[in-house]
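# Structural overview for review
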Amino acid sequence: MPSPTLTAKASYKKLPGLLELTSTHLQWTQDGRRAPSVKIPYAEASSLFCSKEGAAQVRLKLALVADESGHNFTFTAAQPAALTDREKFKAELTNIISRNRSGVPATAATTPVTPSPAQSSTNGGPSRPAAHPTRPSLSRAASTASEARGTPINDPTSDFQLRKKVLLSTPELATLHRELVVGGHISETEFWEGREHLLLAQAAADRQKKGKPGQLVDPRPQTVDGEIKIVITPQLVHDIFDEYPVVAKAYSENVPNKLSEAEFWKRYFQSKLFNAHRASIRSAATQHVVKDDPIFDKYLEKDDDELEPRRLRDDGVDMFIDLGATNEDHGETGNERDITMQAGKQKAVLPLIRKFNEHSGRLLNSVLGDNANKRRRIDSSLEDRYSQIDLDDLHDNQASAGITLNMQDRQRYFEGRSGQAGHDAVQVRNPASVDVKSAILEMKDSLGGWSHNFSQLKIERKAGDVALSGMTHNVTARLDVKMRKHDIPDGLFRQMRTCQTAANEFLRQFWLAIYPPPSDLQVLSASTPAQKAQKAAKMLAYLERTPEKVEAIVIAARKEGFDPVRVQTAMKPVLDAVDKATTFWRVRSSKMPGTR
């Protein structure tokens, strides 16, 4: 057992014990017991929280990668010894968490740090790395040296928070991370190698800016404590002012000189102005419910229910969406004008339709930005008018240059084919002559009587029925397997799944070390050939133990009374993949004496 570098009396879940920081773990042992009850590897440390300065209890909370709730420890020594012990643990754990976030493997601290009073956490939030330790910690020195040669801070593939989000959103991946990385089989960098696309996708999702909601602002009354109210929030006020500038004008002119803010909104929701702004057709009954208001009635506008809208578009319309662009093509001839789609037949609907149109226009302009009008091509020249209806999707895709093939020893390859190429060139220069007239006559004779032969064609139904029956049986079998619940015991099934998941990860790591990654994929770090060979040999050592693990599962199935043949059948694809990898490595090693 590694010797502890820090120790302190602390309680966990109201049980007294001893908190220790070793070279690899943070562990807590209950008084009277030898084995630790809590053992946390360095790699699982995610964030750190401390109680406020002057609190009755000196507490330390360590959150884990796969568990936000983490573990809470209370230092039980007398003051100020408890606070001193907590600060020592906080300083070392902060360095460990900092190395975890930078992707550097955590190592134990051999010299504890005594923090200055300015480093104490006063707000109960996550503590930050110590800025000015009185004595430099060796662990911090190693971390600083690693950060100097590590990846840039803005690299999403090395961002600890992105890794944490991906693990929290994918429980299966978090389980695999806990078994392999926390278990010490592979490093953090090796685990994320080949999974950079998950981190990049998470980074893109975090950077995505949420657009403006498309719903029209229409406050609805709610029942609060038995009373019907309209709940006013700052976001609702902002939306109302943005959607209806006349309300913002009324607010600025009357609050707080003439009306308080509460009185302003109370009178607004009872006024004709609010009724005119509602996103529904105003009925005659509603008109009698609203009250006259000497303040808000001044801001009323006449209903926009004329044939021409009150606010005309001040910019040109793209020809691709201009319904009036082809009016001249339907003059004296052609179809009759469609009068069923004529706006204004129901006058009460016009203000609502135009309100929706204006809202949609504001929504599009907020997305396009202030230069929306500048982006539109509205010049009157013929070329620009044509460009408005010229769609890129209708053009053929440009031919790709392809992928450049890099060949080793190209001269030997072409020299070896030079003899065959010369022979083929002779045949090309002396092709056999073809009589075009005879070929056409022969084709004409073969097509004679095609109409009669085609009428005599009969397609047998037997082949089609057999094919349809086979497809139906296949679909039925797939649905039956999908809906059928397996009868494998839970414990045995968990062992099979763990073995398969671990083997698949080791296979992935093995082939990543053998073959180069895709050129368009951002990689965490570029490994040398010697490092790749070492990694492949390491993964192969894990893979060679897979048959033993499968055999142990078969023996466990036999003891539980389950058919071992089914276990062997289920694990056979994994064993075949492992056998292929080991055979490949054996053949490659025999050709390269210097490689094991």
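Here's what I pulled together on the structure shown here. (Residues numbered from 1 in each chain as written. Predicted model: local features only at pLDDT ≥ 70, side-chain atom pairs only at ≥ 80, totals over all residues. Heavy atoms only, no water.)

Let us now look at the overall build of the chain. Each helix and strand in the chain was counted, giving 23 helices and nine strands. Counting only contacts in the chain whose residues sit at least 6 apart along the sequence, the fraction spanning at least 24 positions is 60%. Carbon and sulfur atoms form 55% of the exposed surface of the chain, whose accessible area is close to 41,100 Å². (Helix = DSSP H or I, 4+ residues; strand = E, 2+ residues; numbered from the N terminus. Contact = heavy atoms within 4.5 Å. Areas by Shrake-Rupley, 256 points an atom, 1.4 Å probe, with all protein chains shown as cover.)

Our next topic: the pairing of strand β7 (residues 71–75). Where a strand is regular, its side chains alternate between the two sheet faces. In terms of burial, β7 is largely enclosed, as four of its five residues are buried. Sheet analysis places strand β1 (residues 6–12) next to β7, joined by two bridges and oriented antiparallel. Following the sheet pairing, S11 is matched in β7 by T74. The pairing of strand β6 (residues 58–64) with β7 spans five bridges and is classified as antiparallel. Looking at β7, one finds that K61 is bridged to N72. In this antiparallel pair of consecutive strands, β6 and β7, the connection spans six residues, and G70 shows a positive phi of 60°. (Buried < 20%, exposed > 50% of the residue type's maximum accessible area, 1.4 Å probe, protein only. Pairing = 2+ DSSP bridges.)

In this section: the sheet that holds strand β5 (residues 45–50). Spatially, β4-β3-β2-β1-β7-β6-β5 is the arrangement adopted by the seven strands of the open sheet, whose pairing is antiparallel. Edge strands, defined here as strands with exactly one partner in the open sheet, are β4 (38–41) and β5. On average, each strand axis in the sheet is inclined to that of its neighbour by 30°, with strand direction left out of account. For strand β2 (residues 15–21) and strand β3 (residues 25–30), the ladder comprises five bridges, and the chain directions are antiparallel. The residue bridging E20 from the neighbouring strand is Q27, located in β3. Running at roughly 150° to β5, helix α1 (residues 81–101) makes contact with β1, β2, β3, β5, β6 and β7 of the sheet. (Axes fitted to C-alpha atoms, helices over the stretch in contact; angles between N-to-C directions.)

Considering the arrangement of structural elements, one finds E358 in helix α12 (residues 350–368). Exposure remark for E358: the relative accessible area of 27% places this residue in the partly exposed category. In sequence terms E358 and R311 are 47 residues apart; their C-alpha atoms lie 9.0 Å from each other.

Let's shift gears to the packing of aromatic side chains. Scanning the model with the defined rule gives 22 aromatic pairs in all. Ring geometry for F510 versus W511: centroids 5.0 Å apart, planes at 75°, classification edge-to-face. We classify F510 as buried; its relative accessible area is 0%. Here the aromatic residues F241, Y251, F264, W265, Y268, F269, F274 and F296 are joined through ring pairs into a cluster of three or more. Above the ring of F49, the side-chain terminus of K61 is found at 5.4 Å from the ring centroid. We note R195 situated over the ring of F191; from NZ or CZ to the ring centre the distance is 4.5 Å. (Phe/Tyr/Trp six-rings, centres within 6.5 Å; stacked < 30°, edge-to-face > 60°. Lys NZ or Arg CZ within 6 Å of the ring centre and 35° of its normal.)

Membership of the largest hydrophobic core comes to 31 residues, with the highest contact counts inside it found for L167, I186, F191, W192, F506, F510 and L543. Among the elements of the structure, α3 (160–169), α4 (171–180), α5 (188–192), α6 (196–207), α20 (490–514), α21 (529–543) and α23 (564–591) are those that each provide at least two residues to this core. In terms of residue count, α20 provides more of this core than any other element does, seven residues in total. With 25 residues, the next largest nonpolar core counts L21, V38, L60 and I97 among its residues. (Core = buried A, V, L, I, M, F, W, Y, C linked by side-chain atoms within 4.5 Å.)

Time to look at the pattern of salt bridges. Applying the stated criterion across every chain yields a total of eleven salt bridges. K538 is paired through a salt bridge with E190; the nearest N and O atoms lie 4.0 Å apart. One end of the pair, K538, is in helix α21; the other, E190, is in helix α5, and 348 residues separate them in sequence. Between D576 and K572 there is a salt bridge, and its shortest N-O distance comes to 2.9 Å. Of this pair, D576 and K572 are both found in helix α23, four residues apart, which corresponds to roughly one turn of the helix. Note on D576: relative accessible area 41%, which makes it partly exposed. Counted as one network, the salt bridges with shared partners bring together R86, E87 and K90. (Salt bridge = Lys/Arg side-chain N within 4 Å of Asp/Glu carboxyl O.)

Orientation of α4 relative to α20, taken along the N-to-C sense of each, is 80°, at an axis distance of 11 Å. In this view, α4 runs roughly perpendicular relative to α20, as classed from their interaxial angle. In this structure, α4 uses L176, E179 and L180 to contact α20, whose residues at the interface are T498, T501, A502, E505 and F506. Its residues assigned to classes, the contact of α4 with α20 comprises four nonpolar, two polar and two charged. (Parallel < 35°, antiparallel > 145°, perpendicular 65-115°, else oblique. Nonpolar A, V, L, I, M, F, W, Y, C, P; charged D, E, K, R; others polar.)

A contiguous nonpolar surface patch, about 430 Å² in accessible area, is contributed by L405, M407, Y413 and F414. Its place among the elements puts M407 in the loop between α14 (382–389) and α15 (410–416). (Patch = residues over 30% accessible without salt bridge, like charges linked within 9 Å, V, L, I, M, F, W, Y side chains within 5 Å.)

Here S589 shows up in helix α23. By relative accessible area, which is 17% here, S589 ends up buried. A distance of 2.7 Å separates a polar atom in the side chain of S589 from the backbone oxygen of W585. (Polar contact = N/O pair within 3.5 Å; in protein donor to acceptor, adjacent residues only side chain to side chain.)

By themselves these figures say nothing about function.
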